[in-house]
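# Reading the structure
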Amino acid sequence: MSGLGLLDVVVRYPGRATPAVDHVSLHVAPGEVLALLGPSGCGKSSLLRAIAGLEPLTGDVTWDDSSVVQVPVHRRGFGLVFQDGQLFTHRDVGGNVAYGLPARSTGRDHRVAELLELVGLGGYERRPVATLSGGERQRVALARALAPSPRLMLLDEPLSALDRTLRERLAVDLRAVLVATGTTAVFVTHDQDEAFAVADRVAVLADGRLLQVDAPADLWRRPASREVASFLGYEAFVPVDDPAAAALLAAAPRDGAVLALAEGAFVVSGDGALKGTVRGTTSRRGRTEVRVDVPGIGPVTALGPVGTRWEAGDVVGLDVDGDAIAGLD
Amino acid sequence: MTTLTRVSATPAQRPVRGGAGWPMGVFWALAVVVPLLFLGIFFAWPVVEMVRRGFVVDGSLDLSGFADVFSRPRTWRLVGLTIAQATVATTLAVLLGIPGAYVLYRRRWRGRAAVRALVTVPFVLPTVVVGVAFRSLLVSGGPLGFLHLDGTFVAIVAALVFFDYAVVVRGVGGMWERLDPRAEQAARALGASPWRAFRTVTLPALTPAIASAASLVFLFCATAFGTVLILGGLKFGTIETEIWVQTTQFLDLRAAAVLSVVQLVIVGLALTVAGRARAHRERALALAEPVSRPLSLRRPAGSPRRDGHGLALAAAGATAFVVLLLCLPLVNLVVRSLRVGDGWGLDHYAALGSTGGVLTVSVWTATLTSLRTALEATVLALVVGGLVALVVSRRPRAAAGRRAVAGLDALFMLPLGVSAVTVGFGFLLSMHEPLGLPIDLRTSGVLVPIAQAVVAVPLVVRTVLPVLRAIDPRLRHAASTLGAAPGRVLRSVDLSLAARSIGLAVGFAFAASLGEFGATSFLARPDNPTLPVLIFRLIGRPGPDSYGMALAASVVLAVLTASIVAACERLRSPGSGGEW
């Protein structure tokens, strides 16, 4: 089994009763990008730091089938990018990127220039770190971690400190860089959109336990449990034998005992089959989102046409969008 | 990120390098053992030896010394004086220092850097120089002679405040500068007046820094030696000067030992308070980038009345007044050193090259001796103090390890509090054939730099440690994941980031060694005195020429220390490092 292997990894902190990471086993193939997704405090950062060699663990971490548990951090060849970059403020941009390169290697400057070009900061070598914006800092941190060609790249919420637009753009760029360099990566995030944008596969963690590992589309279509579905953003759960489920099943035939409804499972429409009572409206990116109470299902978020207004208490017709409905066992 | 095609980076896997690197365990073991040995041999042993002489008579413990010494009214008077002087001086230094910290660190104005440097000068001046400077100001015939303050309680307190004002300004200012202003702004928006916002929000936030600075000032005042010895005359003194008097004048070792223990207790209490306060301070170290608002005499255009401008002006006025008072003894010292008979001239400076008929060596020779010993002491203090700071800055995972680190931290603060006189005299008692070796260190002259290093080590630790502690451990992790071995992490992260504070520590250690008087007065050989010892001898001699030479030599010593500290001060980055 080449690539990264985790076997029964447990991380405990002194003085805490429950382990931060609880018997996690995983495999990441060479060249694959895996996202560790979970709410804050679920143990995903602890797991990442344990892989890097920064937390003591029980169980085994392997690379290409040989254990690295006894290998000190600096010899593992695993790169790490922190949420806030942790750039060396006493070195300039070039000095940061060159830090992990052999001291007197030929082509060192060339490599630094190439990596800065790769992250979109060509020519920034002599810039002091303090003059960079948050997004630029993270790009430098990424270039610095990529410079020694790590066998595995570990990214600890590298985009979380940035604002939303920048985060979404950088997520796409990040994936492009990882794929272009063929880097195997483990990426920690609490944002499912980000996980889906960056990763080949997503591992969902809660309370230190691994709940599900799947490709983004499979994860979305078939969450393994109600816990996973809730975390992914499914907001209502309807047993298939409930009378209200009939209309849903007609639009979206699903296996399983329970139907999970994501935001947007209903679309407001004049001649909709179902009726719901409006509780309130908000607007996201121009689209109107309507909080509606559907009998037998409960409060859900439906999408409405742009520019329409409703008062609380209005009764509206609802169409079903099958793509936002998943079946749970 | 448009140029992905140009990338030549392959998923070339970095091979795992084998082989053992520098055994870090050996390094850390040495880093703990070397300072412990140094402190054990050159601090603990002499002090224990000194105390032992006082309490062990003919091989058996004899505590009757306590009863004897405490039955003397003189003892009670001096203990009372020590506490009274230190308390009054500390209170004054804090009351004057808080507005100073505000004006010099929270507000921005032209010339601020120069005034900040000026305020620091008294603190780095050798205690002997401070004594001489105040003496020349207050003696009858001096500019303030009409106040008849020479040899009074007021004169001593004034000199102590002069000396320690900078400790409060820098300690409190360093924190104030980095205090997030939004807490105070929130209070103002909730309806608090500028004064009330200061009292209820800013002042409580500053309390750890104020307590920390106050306990340090108390410590310095309670152990003041050179200044008090020169200004106090026969009537006034501290426990420290009394230990000196008992050992050198009355040859009463038992009384000196009892007084050393008393001083240790008082100082231990002050250090405990300082340690508590500092723990709070370092926990709150990650405050914000330094912020300061411009200060102008006129109310800034567009700002309403009762917006705190009057408060700022009052603080500025108080600070200006204090700065003028600080200048007075310094300017007077220089002026008086140029006074020859009824005229002016450089005669006293010219005399520095001769022995003046009464000295064993010329002032210039003593200056060279001082510089050489101070250099040796600085190297020693830097090695020992640097290692201590490095060890103490670690945060071991295990609770036992953390306790050990905290213990080491406290242990190396002790030399700050134990009387330098005790250390000096203890050296004389213990360094005759030390450890059974057939050498007499007392005559070799090596004890002077060692004693000075013992005094300077806590200064180095306190300057470097806060910077090392403030380094985010993840920065070290980042270096490790980039392939840096532990030795390289230490070099490229810890050492690089602490470099400036190390420069500053060198300056303070050098200045402290150059001006050290308490221990040196015991250890310097009569034919090879240091500059402070020579100055003390000069003012002890009658005649205007000796006095003039003492003034000129004080100016030389003051200029030397001030310029060394000023050179190292340039290394300090804003808001970083150190408590003084």
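Everything numeric in this text was worked out from a predicted model, so none of it was measured.

A tally of helices and strands in chain A yields nine helices and 18 strands. Seen through its principal axes, chain A has C-alpha atoms that stretch 75 × 45 × 35 Å. Per-residue burial over chain A gives 46% buried out of 329 residues. Across chain A, the fraction of contacts at a sequence separation of at least 24, relative to all contacts at a separation of at least 6, is 66%.

When helices and strands are tallied, chain B shows 23 helices and six strands. Scored against the burial criterion, the 580 residues of chain B give a buried share of 45%. In chain B, 81% of the contacts between residues at least 6 apart in sequence involve partners at least 24 apart.

We now examine the pairing of strand 14 (residues 274-284) of chain A. Residues and elements named next belong to chain A. Where strand 14 and strand 17 (residues 315-320) come together, four bridges link them in antiparallel fashion. Each residue of the ladder has a partner; that of Gly276, found in strand 17, is Val316. Here seven bridges tie strand 14 to strand 15 (residues 287-294), and the two strands are oriented antiparallel to one another. Bridge pairing links Val278 to Val292 in strand 15. In sequence, strand 14 turns back onto strand 15 through a hairpin of two residues, with Arg285 there showing a positive phi of about 50°.

Another point: the sheet that holds strand 11 (residues 234-239) of chain A. Residues and elements named next belong to chain A. Taken in spatial order, the three strands line up as 11-12-18 in an open sheet, and their pairing is antiparallel. Lying at the two open borders of the sheet, with one neighbouring strand each, are strand 11 and strand 18 (325-328). Averaged over all neighbouring strand pairs, the angle between strand axes comes to 30°, with direction disregarded. Pairing of strand 11 with strand 12 (residues 258-262) involves five bridges; the strand directions are antiparallel. By the bridge assignment for strand 12, Ala236 is matched with Leu261.

For the rest of this paragraph, the subject is the domain arrangement of chain B. All names here are of chain B. Here chain B is described as being made up of domain 1 (25-60 + 346-580) and domain 2 (63-295 + 309-337). Each partner contributes to the interface: domain 1 provides 45 residues, whereas domain 2 provides 52 residues. With 13 residues, helix 23 (residues 544-569) is the single largest residue contributor to the side of domain 1 that touches domain 2. A per-class count over the side of domain 1 that touches domain 2 returns 30 nonpolar, 11 polar and four charged.

Bringing the packing of helix 17 (residues 420-430) of chain B against helix 18 (residues 447-469) of chain B into the picture now. All names here are of chain B. It is the contact of helix 17 with helix 18, at a shortest axis distance of 11 Å, that shows an interaxial angle of 150°. Taken together, the axis directions place helix 17 and helix 18 in an arrangement best described as roughly antiparallel. Where helix 17 crosses over helix 18, the handedness of that crossing is right-handed. Between helix 17 and helix 18, the contacting residues are Ala420, Val423, Gly424 and Phe427 on the first element and Leu447, Ala451, Val454 and Val455 on the second. Taken together, the residues of the contact of helix 17 with helix 18 sort by class into seven nonpolar, one polar and no charged.

With that settled, the discussion passes to unusual backbone geometry. With phi around 50°, Gln86(A) is a residue other than glycine that occupies positive phi space. Among the structural elements, Gln86(A) can be located in the loop between strand 6 (78-81) and helix 2 (93-98). Look at Gln86(A) and you get buried, because 22 C-beta atoms sit within 10 Å. Backbone geometry at Leu251(B) places phi at a positive 50°, although glycine is not the residue there. If you trace the backbone, Leu251(B) turns up in the loop between helix 10 (239-248) and helix 11 (253-283).

Taken domain by domain, chain A comprises domain 1 (4-221) and domain 2 (233-328). Placing a centre on the C-alpha atoms of domain 1 of chain A and another on those of domain 2 of chain A gives a separation of 38 Å.

Let us look at the sheet that holds strand 1 (residues 4-11) of chain A. Residues and elements named next belong to chain A. Here four strands make up an open sheet; going across it, the order is 2-1-4-5 and the pairing antiparallel. If you trace the sheet from one side to the other, it starts and ends with strand 2 (21-28) and strand 5 (66-67), each paired once. Pairing analysis gives five bridges linking strand 1 to strand 2, with the strands arranged antiparallel. Within strand 2, the residue paired with Val9 across the bridge is Val24.

Scored by pLDDT, chain A comes out at a mean of 89, with 100% of its residues at no less than 70. Per-element mean pLDDT across chain A ranges from 83 in helix 9 (residues 245-251) of chain A up to 95 in strand 3 (residues 33-37) of chain A.

Residue and element names in this part refer to chain B. Where helix 18 meets helix 20 (residues 486-515), the closest approach of the two axes is 8 Å, and the angle between their N-to-C directions is 150°. One element, helix 18, and the other, helix 20, form an angle in the roughly antiparallel class. When the axes of helix 18 and helix 20 are compared, the crossing they make is right-handed. Counted together, Gln452, Val455, Ala456, Leu459, Val460, Thr463, Val464, Val467 and Leu468 of helix 18 and Asp494, Leu497, Ala498, Ser501, Ile502, Leu504, Ala505, Phe508, Ala509, Ala512 and Ser513 of helix 20 form the full contact between these two elements. Tallied by class, residues from the contact of helix 18 with helix 20 come to 15 nonpolar, four polar and one charged.

With that settled, the discussion passes to the pairing of strand 12 of chain A. Sheet topology note: the strand 12 of chain A/strand 18 of chain A ladder contains four bridges and is antiparallel. Bridge pairing in strand 18 of chain A places Leu259(A) opposite Gly327(A).

What follows covers the nonpolar core. Formed by 163 residues in total, the largest nonpolar core has its most connected members in Val172(B), Ala509(B) and Ala553(B). For this core, the leading source of residues is helix 6 (residues 153-176) of chain B, giving 17 residues. One finds Val33(A), Tyr99(A), Leu259(A) and Val493(B) within the second-largest nonpolar core, a separate group that totals 108 residues.

Here we come to the confidence of the model for chain B. Residues and elements named next belong to chain B. For chain B, the average pLDDT comes to 82, and 89% of its residues sit at 70 or higher. No element of chain B has a lower mean pLDDT than helix 16 (residues 414-417), which averages 74, and none a higher one than helix 3 (residues 73-106), which averages 93. Contacts for the low-pLDDT stretch residues 1-21, under 50 throughout, to residues beyond four places or in other chains number 38 contacts. The low-confidence segment residues 574-580, where pLDDT is below 50, has 27 contacts with residues more than four positions distant or belonging to other chains. At the level of chain-chain contacts, confidence expressed as ipTM amounts to 0.75, with global pTM at 0.75.

Conventions used here
- Residues numbered from 1 in each chain as written.
- Chains lettered and ligands numbered in written order.
- Predicted model: local features only at pLDDT ≥ 70, side-chain atom pairs only at ≥ 80, totals over all residues.
- Helix = DSSP H or I, 4+ residues; strand = E, 2+ residues; numbered from the N terminus.
- Buried ≥ 20, exposed ≤ 12 C-beta atoms within 10 Å, placed from the backbone.
- Contact = placed C-beta atoms within 7 Å.
- Pairing = 2+ DSSP bridges.
- Axes fitted to C-alpha atoms, helices over the stretch in contact; angles between N-to-C directions.
- Domains from an automatic or database assignment.
- Nonpolar A, V, L, I, M, F, W, Y, C, P; charged D, E, K, R; others polar.
- Parallel < 35°, antiparallel > 145°, perpendicular 65-115°, else oblique.
- Left-handed = near helix turned anticlockwise from the far one by under 90°.
- pLDDT = per-residue confidence, 0-100.
- Core = buried A, V, L, I, M, F, W, Y, C linked by C-beta atoms within 7 Å.

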